[in-house]
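The chain contents come next:
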Amino acid sequence: MDEVKQIVGNIKKGNIAPIYFLTGEEPYYIDKISEYIEKNVLSEEERGFNQVILYGKDVSVEDIVGNAKRYPMMAERQVVIIKEAQHLSRSIENLTSYADNPQPSTVLVICYKYNKLDKRKKLYKAINKTGVIFESKKLYENKVADWIRKVLKSRGYDISFKAANLLVEFLGTDLGKIDKELEKLCLVVPKGVEITPEAIEENIGISKDYNNFELKKAIGEGNVVKATMIVNYFGQNPKDNPFVLTITLLYSFFNQLLAYHGLKDHSSKSVSSALGIRPYFVEEIQIAARNYPMRRVSGIISELRELDVKGKGVGSTISHQDLLKELLIRIFH
């Protein structure tokens, strides 16, 4: 986020580079930077003649260079934005000669998602000298809740720890998808009021009591009744609670539990560092470890793998609802 702020800050100051090569696995920040340039570098009147948006699957590198070399009309500069430029991965190096000597009155923005330039190649070196290369890295899942809090804080909102993690459990690590839901919350929750699991349930439709976060906790505590209630709810609402997501989360949880059993130091700080989890979740792991010894954990991991295969329809026609019930029987037997 700091690098994004720096890029936007320089543009606001008028320090605008002739080339912005936006690359990486996380599309959210690529979109944010390109959208900012699209809406702010030129005035509304200037955009009609001096702003061009092209798509990588529809153009060649030669087309891009041709547009970039044009002169602006009645404006200081023009903006050329290439979206989905990853479709040009086989020919992108042909942009090197332009990158060596870019048109000073053109702002060329290349959105090269899910990919990155080879730093050893000439194009990377050329753009690094004359323009800006930004790599948007994917956030690890254990960092997304912190990202949610920072985004909301920048907008004047607070969110409870449980609420932030509830969003991560339900929406995953897709920052664009999460941001859209945060925008919805900001429209209905007054500034200065903490966003709670109740607010998320009411406005987004994520159940605060029946979700993977609570299922994992119930299983860890050995709470058969609560786990069964959650699984029954999942069976009645399969679209909102996909089987593959539940299996993946539980598989990750029991793998963390297996790693915990292998640790010599079970202090909160050591466990948090070794497992890559926040201290908040350490107690959950410690409780589960008392209920599931190492040998049992290994057995459950094998059973989860088997059920995952069945859930994909390999050698089984059992419904996902029945597979979830079978899952609990295997875990609690």
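Since the structure is predicted, the reported quantities are computational estimates derived from the model, not experimental observations.

Colleague: Tell me about the side chain of Glu 303, and name the residues and values.
Modeller: Tracing the backbone shows Glu 303 in helix H16 (residues 294–311). Among all residues touching Glu 303, those that are not within four sequence positions of it are Arg 296, Arg 330 and His 333.

Colleague: How would you sum up the sheet that holds strand S3 (residues 78–83)? Please name residues and give values.
Modeller: Reading across the sheet, the five strands line up as S2-S3-S4-S1-S5 and stay open at both edges, with parallel pairing between neighbours. Whereas interior strands pair on both sides, the edge strands pair on one side only; in this sheet they are strand S2 (51–55) and strand S5 (132–135). Neighbour to neighbour, the strand axes of the sheet diverge by 10° on average, direction disregarded. Direction of pairing for strand S1 (residues 19–24) relative to strand S4 (residues 106–113): parallel, over a ladder of six bridges. The partner of Gly 24 across the bridge, within S4, is Lys 113. Against the sheet, helix H1 (residues 2–12) contacts S1 and S5, and its axis sits at roughly 150° relative to S5.

Colleague: Kindly report on the UniProt feature "domain: DNA polymerase III delta N-terminal" (unreviewed entry) in the protein, identifying the contributing residues and their values.
Modeller: Per the UniProt record, "domain: DNA polymerase III delta N-terminal" (unreviewed entry) is annotated on residues 20–135. Segment residues 20–135 splits into 37% helix and 24% strand. End C-alpha atoms: 11 Å apart.

Colleague: Can you lay out the environment of Pro 238 for me, pointing to particular residues and giving the numbers?
Modeller: By the secondary structure assignment, Pro 238 is in the loop between helix H12 (224–236) and helix H13 (243–261). Its relative accessible area of 49% is what places Pro 238 among the partly exposed residues. The spatial distance from the C-alpha of Pro 238 to the C-alpha of Gln 321 is 7.9 Å, given a sequence separation of 83 residues.

Colleague: A description of the packing of helix H2 (residues 27–40) against helix H9 (residues 175–188) should follow, citing residues and the corresponding values.
Modeller: Contact geometry of H2 with H9 gives a least axis separation of 8 Å together with a crossing angle of 65°. Within the contact between the two elements, H2 uses Tyr 28, Tyr 29 and Lys 32 and H9 uses Leu 175, Gly 176 and Asp 179. Broken down by class, the residue content of the contact of H2 with H9 amounts to three nonpolar, one polar and two charged.

Colleague: Help me get a handle on the UniProt feature "domain: DNA polymerase III delta subunit-like C-terminal" (unreviewed entry) in the protein, residues and values and all.
Modeller: Mapped onto this numbering, the UniProt entry gives "domain: DNA polymerase III delta subunit-like C-terminal" (unreviewed entry) at residues 211–313. As annotated, residues 211–313 comprises 76% helix and 0% strand, and the C-alpha atoms at either end are separated by 24 Å.

Colleague: Now, about the pairing of S1: what can you tell me, with residues and values included?
Modeller: Burial of S1 is extensive: six of the six residues sit out of reach of the surface. Neither face of S1 is open: one carries Ile 19, Phe 21 and Thr 23, the other Tyr 20, Leu 22 and Gly 24, and all of them are buried. Relative to S5, S1 runs parallel, the two sharing four bridges. Its bridge partner lying in S5, Tyr 20 is registered against Val 132.

About the thresholds
- Residues numbered from 1 in each chain as written.
- Predicted model: local features only at pLDDT ≥ 70, side-chain atom pairs only at ≥ 80, totals over all residues.
- Heavy atoms only, no water.
- Helix = DSSP H or I, 4+ residues; strand = E, 2+ residues; numbered from the N terminus.
- Contact = heavy atoms within 4.5 Å.
- Pairing = 2+ DSSP bridges.
- Axes fitted to C-alpha atoms, helices over the stretch in contact; angles between N-to-C directions.
- UniProt positions renumbered as here; feature names shortened; annotations may be inferred.
- Buried < 20%, exposed > 50% of the residue type's maximum accessible area, 1.4 Å probe, protein only.
- Nonpolar A, V, L, I, M, F, W, Y, C, P; charged D, E, K, R; others polar.

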